[in-house]
Amino acid sequence: MRTSPIVAVALLTFSLAPLAACTSQPDPVQARITNPARGTSVNAQVGDIRLLATRIDAPEERKLLGGSNTGLFTTLANDGDAADRLVAVSTVYARQVVMRQGTDGAEGPVRIDVPGAGVVSLQYPGGLHLEMVDLKVDVRAGRLLPVACRFEKAGTVTVNVF
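The structure displayed is predicted, hence computed values, not measured ones. (Residues numbered from 1 in each chain as written. Predicted model: local features only at pLDDT ≥ 70, side-chain atom pairs only at ≥ 80, totals over all residues. Heavy atoms only, no water.)

Draft legend 1. Layout of the overall build of the chain. Helix and strand counts for the chain come out as 2 helices and 13 strands. Here the chain holds 162 residues, and 38% of them are scored as buried. Considering only contacts within the chain whose residues lie at least 6 apart along the sequence, 68% involve residues at least 24 apart. Approximately 9,500 Å² of the chain is accessible, and the part contributed by carbon and sulfur atoms is 57%. (Helix = DSSP H or I, 4+ residues; strand = E, 2+ residues; numbered from the N terminus. Buried < 20%, exposed > 50% of the residue type's maximum accessible area, 1.4 Å probe, protein only. Contact = heavy atoms within 4.5 Å. Areas by Shrake-Rupley, 256 points an atom, 1.4 Å probe, with all protein chains shown as cover.)

Draft legend 2. The nonpolar core, seen in detail. Of all hydrophobic cores here, the largest spans 29 residues; its most connected members are L72, L76, L86, V89, I112 and L130. Considering every element that reaches this core, the biggest residue donor is strand β12 (residues 145-151), with 4 residues. (Core = buried A, V, L, I, M, F, W, Y, C linked by side-chain atoms within 4.5 Å.)

Draft legend 3. Looking closely at unusual backbone geometry. One non-glycine residue, A53, lies in positive phi territory at about 50 degrees. Looking at where A53 falls in the secondary structure, it is placed in strand β2 (residues 49-56).

Draft legend 4. The pattern of salt bridges, seen in detail. Summed over all chains, the structure comprises 6 salt bridges. Of the charged contacts in the structure, one is a salt bridge between D134 and R95, with a shortest N-O distance of 3.5 Å. You can see D134 sitting in strand β10 (residues 128-135) and its partner R95 sitting in strand β6 (residues 94-101), a full 39 residues away along the chain. (Salt bridge = Lys/Arg side-chain N within 4 Å of Asp/Glu carboxyl O.)

Draft legend 5. Broad picture of the environment of D48. Relative to the elements of secondary structure, D48 occurs in the loop between β1 (42-46) and β2. C-alpha separation for the pair D48 and G80, spaced 32 residues apart in sequence, amounts to 5.3 Å.

Draft legend 6. Local environment of the sheet that holds β12. Across the sheet, 4 strands lie side by side as β8-β5-β12-β13; this open sheet has antiparallel pairing. With partners counted over all chains shown, the strands left at the sheet margins are β8 (112-114) and β13 (155-161), one partner each. Recorded for the sheet is a direction-independent mean angle of 35 degrees between the axes of neighbouring strands. Alignment of β12 against β13, held across 7 bridges, turns out to be antiparallel. Paired with V147 across the two strands is V159, which belongs to β13. (Pairing = 2+ DSSP bridges. Axes fitted to C-alpha atoms, helices over the stretch in contact; angles between N-to-C directions.)

None of the figures reported here should be taken as evidence of function without further support.
Printed below as a string of structure tokens:
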């Protein structure tokens, strides 16, 4: 017995329709991680130093209020042979930017060594990262904040973070 092409198409259409209804909404955390604007992007470069995937911790569903603190996350990649050091980070939108180890670690001045031909990740709140202290404005996700990073050898670069 031979099935007509119209019947075959109809059966296929009706059998796939329930699968389309089962698609789930994308995970907002995963969408943020895989967003090409922040995932592997070079946000700024000065000399041999590249700042990659630079962002602040401002989830889209909430607003950070002035006077609060927020994480500032980036990856530093040194394309040169000579080591360099991140010696200062500042923004007009926070009283200061400090280095922090973990969520409960003490604040300290920014001094981060970047080995020649090496990479330093400052991407996770539970590890070494930067923190903007005493925000001067309310911040929502998507707002661009200029942040200046000064390196001992490479110099200073300003990157807009969101």
